[in-house]
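Residue-level listing of the chains:
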Amino acid sequence: FIAISRNMRTAFGMGVAVTFVTFCTAVINYVIYYGILVKDAPWCAADLTFLTFLVFIMMIAGFVQLVEMVLERFSPVLYHNLGIFLPLITVNCAILGVNLFMIDPDLKLGLVTTAAYGLGSGLGWLLAICLMAGIRQKLQHADIPRPLRGLGITVIVTGLMAMAFMGFTGMVDL
């Protein structure tokens, strides 16, 4: 988040990639979880829920590889700008979190709700990283005290943004 948010174009590209991966893996993992992993699922009667983390992480990793190949083929500039950070989408906690929330028995999310949740979560991440990129570009011309320049002010802004986004908690009830 912090490394990619220096440039608006790169931040937007990464945000779109994370949104796409979050949405698609949430839907695919929903089908896998309720179609194969749960007890008495349509495609497997055995209880394989103990494999949930492993299956979800493997699906996310595989899907990120697919996105990486597509970006390399169709958008080499964005692929080059994202560089090493593109494979790091695989270990993005937000993506795994969305995939794990969808199977929370207290939420009882259906496929359509899971798809909407995945898309909304990805768009929220896109908004956050683009806002951060915009703020960082404005801060390049600001008079910031020397000890806070660079990473210091970036971490402070990230914390302030996190508190601002927490203000939206509970606005939409699933």
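All figures in this text were calculated on a predicted structure; none of them were measured in a lab.

Quick notes on the packing of aromatic side chains
Okay, step 1: This model, assessed by the stated rule, comprises six aromatic pairs.
Okay, step 2: Taking the centre distance of 5.5 Å and the plane angle of 40 degrees together, the rings of Phe20 and Phe63 count as tilted. Linking Phe20 in helix H1 (residues 8-37) with Phe63 in helix H2 (residues 52-74), this pair joins segments that are 43 residues apart in sequence.
Okay, step 3: A residue is classified by how much of its surface remains accessible, and Phe63, at 11% relative accessible area, is buried.
Okay, step 4: Between Tyr33 and Tyr34, the aromatic rings sit 4.9 Å apart at their centres with planes inclined by 85 degrees, giving edge-to-face as the arrangement.
Okay, step 5: Chaining the aromatic ring pairs together yields one cluster made of Tyr30, Tyr33, Tyr34 and Phe56.
Okay, step 6: Note that Arg73 overlies the ring of Phe74, its terminal NZ or CZ placed 5.8 Å from the centroid.

Re the environment of Tyr34
Okay, step 1: Take Tyr34: it is sitting in helix H1.
Okay, step 2: With a relative accessible area of 31%, Tyr34 lands in the partly exposed category.
Okay, step 3: Residues Tyr34 and Ile103, spaced 69 residues apart in sequence, show a C-alpha to C-alpha distance of 8.7 Å.
Okay, step 4: When neighbours within four sequence positions are excluded, Tyr34 is seen to be in contact with Ala41, Pro42, Met102 and Ile103.

Quick look at helix H4 (residues 93-101)
Okay, step 1: The set of residues buried in H4 consists of Ile95, Gly97, Val98 and Asn99.
Okay, step 2: On its buried side, H4 packs onto H1, H2 and helix H5 (111-139).

Section: the environment of Met132
Okay, step 1: Along the polypeptide, Met132 turns up in helix H5.
Okay, step 2: Taking the C-alpha atoms as reference points, Met132 and Met161, 29 residues apart in sequence, are found 8.2 Å from one another.
Okay, step 3: Contacts of Met132, omitting those with residues within four sequence positions, involve Phe1, Ser5, Thr154, Val157, Thr158 and Met161.

What to know about the nonpolar core
Okay, step 1: The biggest cluster of nonpolar side chains holds 22 residues, and the ones touching the most others in it are Met14, Val21, Leu82, Ile89 and Ile129.
Okay, step 2: Listed by contribution, the elements that provide at least two residues to this core are H1, H2, helix H3 (76-82) and H5.
Okay, step 3: Examining the composition of this core, we find that six residues originate from one element, H1, more than from any other.
Okay, step 4: Beyond its immediate stretch of four places on either side in the chain, Leu82 contacts Ile4, Thr10, Met14 and Leu71.
Okay, step 5: The next biggest cluster of nonpolar side chains, apart from the first, holds ten residues, and it includes Leu37, Val38, Ala41 and Phe56.

About the cut-offs
- Residues numbered from 1 in each chain as written.
- Predicted model: local features only at pLDDT ≥ 70, side-chain atom pairs only at ≥ 80, totals over all residues.
- Heavy atoms only, no water.
- Phe/Tyr/Trp six-rings, centres within 6.5 Å; stacked < 30°, edge-to-face > 60°.
- Helix = DSSP H or I, 4+ residues; strand = E, 2+ residues; numbered from the N terminus.
- Buried < 20%, exposed > 50% of the residue type's maximum accessible area, 1.4 Å probe, protein only.
- Lys NZ or Arg CZ within 6 Å of the ring centre and 35° of its normal.
- Contact = heavy atoms within 4.5 Å.
- Core = buried A, V, L, I, M, F, W, Y, C linked by side-chain atoms within 4.5 Å.

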